[in-house]
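An overview of the molecular structure
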Amino acid sequence: TDTGSQKDRVVTKEEWLQKWETGNIGFHKEQGHPLLQKHLDVLLNGRSGLRIFFPLCGKAVEMKCLADMGHNVVGVEVSEQALKEFFAEHSLSYCEEPVPEISGAKKLQSTSGNISLYCCSIYDLSSSIVGKFDAVWDRGALVAVNPRDRQHYVSLMITLMEKNSSYLLVTVSYDPNKHKGPPFYVPESEIKSLFG
Ligand code: SAH
């Protein structure tokens, strides 16, 4: 399939911030994503007390659900507004602190301590800052990163995974000549070569 029309497209940080400011967030699912519900057992694989990563998290409601189940949730998101809306909409109190390793970044952490959301670019993170994860929920993340950054994104994600971690990935399938994205179309063959 020809993905040529999308491969050079760039969505800037400012454009994402503006989507949040104008409420142009059709990607947000107020009731959570049906595919996480459906495949939650695969993600958890019978384990409890996991460290679960939400790359490009937005205000995904499952961060609250998984934390309520006893897991530790870590997210990263460039929009501080998104993260503040997350805490407000779930009536969660949180505290804010700078991240010494990343200039300009902030960590917003629920008072209960089991939800830590980094306000910065995912490309600023490393395992020495956030540690490694037992599970990753990738929805609206691989398909949202600029096509030219995909390999960088995936290589980074691999460095953030524990040995026996599970990774649930949601993609979308459509004719990339008919929509400029995001979400971008990522062919299955490319997913295989990216993750190896
Ligand atoms: N995963 C969420 C949001 C998907 S939309 C959900 O399923 O609802 C993609 C999100 O990624 C937007 O909120 C955008 O602000 C954020 N984003 C875009 N580029 C980013 C980057 N480089 N680092 C961190 N967040 C980013």
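Please refer to the structure placed before this passage.
Residues numbered from 1 in each chain as written. Predicted model: local features only at pLDDT ≥ 70, side-chain atom pairs only at ≥ 80, totals over all residues. Heavy atoms only, no water.

Remarks on helix α4 (residues 80–89)
- Residues Ala82, Leu83, Phe86 and Phe87 constitute the buried set of α4. One side of α4 holds all its buried residues, which, seen down the axis, span an arc of 130°.
- At its buried positions, α4 is contacted by α1 (13–21), α3 (62–68), β2 (72–77), β3 (94–98), β4 (106–110) and β5 (115–119).
- Just beyond α4, the residue with positive phi is serine 91, at close to 50°. (Buried < 20%, exposed > 50% of the residue type's maximum accessible area, 1.4 Å probe, protein only. Helix = DSSP H or I, 4+ residues; strand = E, 2+ residues; numbered from the N terminus. Arc of directions from axis to C-beta. Contact = heavy atoms within 4.5 Å.)

Comments concerning the site of the ligand
- Trp20, Leu56, Glu77, Ile122 and Arg139 are the nearest of the 15 residues found near the ligand.
- In this structure, a nitrogen atom belonging to the ligand sits 2.8 Å away from a main-chain N or O atom of leucine 56.
- Interatomic distance of 2.6 Å between a side-chain N/O atom of glutamate 77 and an oxygen atom of the ligand.
- In isolation the ligand exposes 580 Å². Once the protein is present, 92% of that is buried.
- Grouping the amino acids of the shell around the ligand by side-chain chemistry returns ten nonpolar, three polar and two charged. (Near = heavy atom within 4 Å. Polar contact = N/O pair within 3.5 Å; in protein donor to acceptor, adjacent residues only side chain to side chain. Areas by Shrake-Rupley, 256 points an atom, 1.4 Å probe, with all protein chains shown as cover. Nonpolar A, V, L, I, M, F, W, Y, C, P; charged D, E, K, R; others polar.)

Comments concerning the environment of proline 55
- As for its placement among the helices and strands, proline 55 is situated in the loop between β1 (51–54) and α3.
- Judged by its relative accessible area of 2%, proline 55 is buried.
- Residues contacting proline 55, with those up to four places away along its chain left out, are Val76, Ile122, Val136, Trp137, Asp138, Ala141, Tyr153 and Met157.

A short note on the nonpolar core
- Phe53, Tyr118, Leu125 and Tyr153 are the most contacted members of the largest nonpolar core, which has 27 residues in total.
- Among the elements that take part in this core, helix α6 (residues 150–159) stands out by supplying four residues, more than any other.
- Excluding residues that lie within four positions of it along the chain, leucine 125 makes contacts with Phe53, Val76, Ile102, Tyr118, Cys120, Val130 and Leu156. (Core = buried A, V, L, I, M, F, W, Y, C linked by side-chain atoms within 4.5 Å.)

Section: the side chain of aspartate 138
- Topologically, aspartate 138 is positioned in strand β6 (residues 133–139).
- Arginine 139 provides the closest opposite charge to the buried, unpaired aspartate 138, separated from it by 8.4 Å.
- Polar side-chain contacts of aspartate 138 include one of 3.0 Å to the backbone nitrogen of leucine 142.
- A polar side-chain atom of aspartate 138 sits 2.6 Å from a polar atom in the side chain of tyrosine 167.
- Apart from residues lying up to four places away in sequence, aspartate 138 is in contact with Pro55, Tyr153, Tyr167, Leu168, Leu169 and Val170. (Lys, Arg positive; Asp, Glu negative; His and termini not counted. Salt bridge = Lys/Arg side-chain N within 4 Å of Asp/Glu carboxyl O.)

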